[in-house]
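# Residue-level structure breakdown
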Amino acid sequence: MRYIDMHTHVFPAKIAAKAVRFLEDYYHHPWEGGGSPEDLLASMDASGVDKALIFSCATKPEQVTAANDFLHLIQTTFPERFAAFGTIHPDYPDIPGEIERIRTLGLKGVKIHPDFQKIYLDEPKMYRIYEAAGDLPFTFHVGDRKGDFSSPWRLARVLDDFPHLKAIAAHFGGYGEWEESWKHLVGRDVLFDTSSTFWELPAEQAKAMVLAHGADKILFGSDYPARRPGDAVADVRSMGLSEADNEKIFHLNAEREFGL
């Protein structure tokens, strides 16, 4: 079996520990990984994961350029192991220019984390990003009980307004809000990833979501450093899906949709 992890986060070495501590405080539980590219590589090697999609989030507009440069550096340093989605902030002064630079750098798409960036998925400032991005795919953090910046219904509204947008709704379409994901996203033309779901959603309910949404629209994701990739593999296998469906989730869908 080949494994492609479609949801990981890495940070420069000098801030990795601080970033992980912030995330632990925000989500109120310990995270397993150290947060550096080297630690992620070690975790991938230990669990047989071939490749990972890496993210970094600009919570301020002035962080955008440096974050995308960092992601480009890691992707080009380890081209066989990492691919990257860039970041953008809705208050960045030149959104079309940075979207074009994301393309030029060879980054594969854009990651949006509305809760950290303090922006509603469906507000007008975000629509400027979707319009500028064209056919670039997006991964969206979706769902957070602390607020509704990224509520599943907001992503559903974006999909209504941008029907050709290639979107990955992380965390089975709604971190901690899976009933809302069932209501607004299951069955739609949107990809889900499996990251940070099994901490609360029982495996049998996750399996029901896979079967209702379609295994060909599910991507494996660990949410490293929240979870080690090997443990995330075990989470997916706990659903008891067919091996044909596991093949789709662990690598075939990522290969088909993103050429990884």
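One can find the structure itself at the top, above this paragraph.
Let us look at the structure shown here. (Residues numbered from 1 in each chain as written. Predicted model: local features only at pLDDT ≥ 70, side-chain atom pairs only at ≥ 80, totals over all residues. Heavy atoms only, no water.)

Time to look at the pairing of strand S2 (residues 51-55). Burial analysis of S2 places 5 of its 5 residues in the buried class, which makes it a mostly covered element. Where burial is concerned, the two faces of S2 agree: the one with Lys51, Leu53 and Phe55 and the one with Ala52 and Ile54 are both buried. As judged from the 4 bridges shared by strand S1 (residues 4-9) and S2, these two strands associate in the parallel manner. For Thr8, the partnering residue across the bridge sits in S2 and is Ile54. Summarising the sheet, S2 and strand S3 (residues 82-84) pair through 3 bridges and their orientation is parallel. In the sheet register, Ile54 faces S3, and the bridge partner there is Ala84. (Buried < 20%, exposed > 50% of the residue type's maximum accessible area, 1.4 Å probe, protein only. Helix = DSSP H or I, 4+ residues; strand = E, 2+ residues; numbered from the N terminus. Pairing = 2+ DSSP bridges.)

Note on aromatic pairs: each is described by the distance of the centres and the angle between the planes. Per the counting criterion, the structure on display carries 16 aromatic pairs. Judged by centre distance (5.4 Å) and plane angle (75°), the rings of Tyr130 and Phe162 are edge-to-face. Here Phe162 lies in the loop between helix H7 (152-161) and strand S7 (167-169) and Tyr130 lies in helix H6 (residues 124-133), a separation of 32 residues in the sequence. Just as Tyr130 is buried, Phe162 falls in that class too. Connected via pairs of aromatic rings, a cluster forms that spans Tyr127, Tyr130, Phe138, Phe140 and Phe162. One cation-aromatic arrangement involves Lys166 over Phe258; the distance from NZ or CZ to the ring centre is 5.2 Å. (Phe/Tyr/Trp six-rings, centres within 6.5 Å; stacked < 30°, edge-to-face > 60°. Lys NZ or Arg CZ within 6 Å of the ring centre and 35° of its normal.)

A separate point is the pattern of salt bridges. If you walk through the whole model with that rule in mind, you get 17 salt bridges. A salt bridge links Arg188 to Asp160; its shortest N-O distance comes to 2.8 Å. Taken as a pair, Arg188 in the loop between helix H8 (178-184) and strand S8 (191-193) and Asp160 in helix H7 lie far apart in primary sequence, 28 residues in all. In this structure Arg188 comes out as partly exposed when scored by relative accessible area, which is 25%. The shortest N-O distance in the salt bridge between Glu257 and Lys166 comes to 3.3 Å. One end of the pair, Glu257, is in helix H11 (residues 243-258); the other, Lys166, is in the loop between H7 and S7, and 91 residues separate them in sequence. (Salt bridge = Lys/Arg side-chain N within 4 Å of Asp/Glu carboxyl O.)

Taken in spatial order, the 3 strands of this open sheet run S1-S2-S3, and their pairing is parallel. Since the sheet does not close on itself, it has two edges, and those belong to S1 and S3, each with one partner. Ignoring which end each strand starts from, the neighbouring axes of this sheet average 30° apart. (Axes fitted to C-alpha atoms, helices over the stretch in contact; angles between N-to-C directions.)

Turning to the packing of helix H3 (residues 64-77) against helix H4 (residues 95-104), a few remarks are in order. In the contact formed by H3 and H4, the axes pass within 11 Å of each other and the chain directions differ by 10°. Overall, the two elements H3 and H4 adopt an arrangement that is roughly parallel. Across the interface between the two elements, Val64, Thr65, Asn68 and Asp69 of H3 pack against Glu98, Arg101 and Ile102 of H4. Across the contact of H3 with H4, the residue classes tally to 2 nonpolar, 2 polar and 3 charged. (Parallel < 35°, antiparallel > 145°, perpendicular 65-115°, else oblique. Contact = heavy atoms within 4.5 Å. Nonpolar A, V, L, I, M, F, W, Y, C, P; charged D, E, K, R; others polar.)

Turning our attention to helix H2 (residues 37-47). Of the residues making up H2, those classed as buried are Pro37, Leu40, Leu41, Ser43 and Met44. Axial view of H2: buried residues confined to an arc of 160°, hence all on one face. Exposed residues lying more than 90 degrees from the buried face of H2 are Asp45 and Ala46. Against the buried residues of H2 lie S1, S2, H3, S3 and helix H10 (229-237). Gly48, located one to two residues past H2, shows a positive phi value of around 75°. (Arc of directions from axis to C-beta.)

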